[in-house]
Amino acid sequence: MIIDDDFVTEEYVTVQFIHHQRQYSVTFKKADLEVVNEWVFEEETSLPADLPNELIESIREEIKKKIY
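Quick look at the structure, then. (Residues numbered from 1 in each chain as written. Predicted model: local features only at pLDDT ≥ 70, side-chain atom pairs only at ≥ 80, totals over all residues. Heavy atoms only, no water.)

## Let's talk about helix α1 (residues 53-67)
Cut-off, in case you're wondering: Each helix is a run of H or I in the DSSP string that is no shorter than four residues. Each strand is a run of E no shorter than two, and both are numbered from the N terminus. Helix span, as expected, comes to 1.5 Å for every residue beyond the first. Categorising residues by exposure relies on relative accessible area from a 1.4 Å probe, with only protein chains included: less than 20% of the type maximum marks a residue as buried, more than 50% marks it as exposed, and the intermediate range marks it as partly exposed. Working note: the arc is built from the helix axis to C-beta atom directions.
The end-to-end C-alpha separation of α1 is 21 Å, in line with the 21 Å expected for 15 residues at 1.5 Å each. Every buried residue of α1 is listed here: Leu55, Ile56, Ile59, Arg60, Ile63 and Ile67. Looking down the long axis of α1, one finds its buried residues gathered within 140 degrees of arc, a one-sided arrangement. The exposed residues of α1 that point more than 90 degrees off its buried face are Glu54 and Lys65.

As structure tokens, then:
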């Protein structure tokens with residue numbers, strides 16, 4: 001987990017993980033954990049991802065445990 005807290009306007013949390021043998025990155029606004037972007041990495045390229053809401057909620061809960 002990467003917490004970007006050096007920004008003047010907003011802080012972000014980026015989580016990188018493997019799901020179904022694919023590597024993903026999801027960035028949230030730290031203040032309310034709203035999703036900013038979701039990426040899947042394939043063949044040295046990043047593409048927009050569409051992860052299930054249940055997975056996003058699970059990640060949010062893990063972030064809450066670590067930063068609040």
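## Considerations on the side chain of Glu38
The following threshold applies: Counted as positive: Lys and Arg. Counted as negative: Asp and Glu, with His and the chain ends omitted from the count. Put simply, a salt bridge is a Lys or Arg side-chain nitrogen that is within 4 Å of an Asp or Glu carboxyl oxygen. Distance and chemistry together define a polar contact, namely a pair of N or O atoms within 3.5 Å, with one atom able to donate a hydrogen and the other to accept it when in protein, and with adjacent residues in sequence counting only for side-chain atoms on both sides. The contact criterion used throughout is that any non-hydrogen atoms of two residues lie within 4.5 Å.
Positionally, Glu38 belongs in strand β4 (residues 35-42). At 7.8 Å, Arg60 is the nearest oppositely charged side chain to Glu38, a buried residue that forms no salt bridge. A polar contact of 2.9 Å, which involves the side chain of Glu38, links it to the backbone nitrogen of Leu51. Among all residues touching Glu38, those that are not within four sequence positions of it are Ser25, Val26, Leu47, Pro48, Ala49, Asp50, Leu51 and Ile56.

## Things to note about the packing of aromatic side chains
Under the convention used in this document: Two aromatic rings from Phe, Tyr or Trp, using only the six-membered ring of Trp, form a pair when their centres are within 6.5 Å; if the ring planes differ by under 30 degrees the pair is stacked, by over 60 it is edge-to-face, and anything between is tilted.
Within this structure, the stated rule accounts for 1 aromatic pair. Note on Phe17 and Tyr24: the rings are 5.7 Å apart at their centroids and 20 degrees apart in plane angle, and the pair reads as stacked. Judged by its relative accessible area of 8%, Tyr24 falls in the buried class.

## A word on the environment of Leu47
Assignment of secondary structure puts Leu47 in strand β5 (residues 45-48). Residue classification places Leu47 among the partly exposed residues on the basis of a relative accessible area of 34%. Each C-alpha atom of the pair Leu47 and Tyr24 lies 9.5 Å from the other, and the pair is 23 residues apart in sequence. Among all residues touching Leu47, those that are not within four sequence positions of it are Glu38, Trp39, Val40 and Glu42.

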